[in-house]
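Coordinate inspection notes
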Amino acid sequence: GRRMPAEWNRRAHRALEARLRRADWMLAEGGSARWREDHALVLGPSVPVLRLARLFRQGAVVALARGRPPRLLILPPQGTYAASSTDTAGVKKYPP
């Protein structure tokens, strides 16, 4: 993805928090040496979480499962795939 202005990120994160009001999630922070931003660690089945990630223009998510290593799920570019409620086609998984 690309870095967005701070106010844009704050508005998007507030909208995400409103969507997550009944979900199991926790606030986190991440970024690089030059910038930081809030993250949401969302617990739940992969399909709804991936749909939410697409809605909020995320390029990837990290999937965690008990007893397994973390997996980076790279989402296809916006406009090339519209996720349905039962499909995760187009998602690249690392490690496979």
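For the structure, see preceding data.
Everything quoted here is computed from the prediction, not taken from an experiment. (Residues numbered from 1 in each chain as written. Predicted model: local features only at pLDDT ≥ 70, side-chain atom pairs only at ≥ 80, totals over all residues. Heavy atoms only, no water.)

Things to note about unusual backbone geometry
In most cases, non-glycine residues show a negative phi, while peptide bonds are predominantly trans. Filter applied, for reference: In DSSP terms, a helix is any run of H or I states spanning at least four residues, a strand is any run of E spanning at least two, and both are numbered starting from the N terminus. Only protein chains enter the area calculation, which uses a 1.4 Å probe; residues under 20% of their type maximum are buried, those over 50% are exposed, and those in between are partly exposed.
At R57, a residue that is not glycine, the phi angle is positive and equals roughly 60°. If you trace the backbone, R57 turns up in the loop between α2 (46–55) and β3 (60–63). On the accessibility criterion, R57 (59% relative accessible area) is exposed.

Description of the pattern of salt bridges
Put simply, the rule is: The salt bridge definition used is simple: a Lys or Arg side-chain nitrogen within 4 Å of an Asp or Glu carboxyl oxygen.
Inspection of every chain in the model, using the stated rule, returns four salt bridges. With a shortest N-O distance of 3.1 Å, E7 and R10 are connected by a salt bridge. Of the two residues, E7 and R10 both sit in helix α1 (residues 6–19), three residues apart, roughly one turn of that helix. With a closest N to O distance of 3.9 Å, E7 and R11 form a salt bridge. Pair noted here: E7 and R11 are both in helix α1, with a separation of four residues, about one helical turn. Overall, the relative accessible area of 45% leaves R11 in the partly exposed class.

From the geometry alone we can't say anything about function, so treat these as descriptive.
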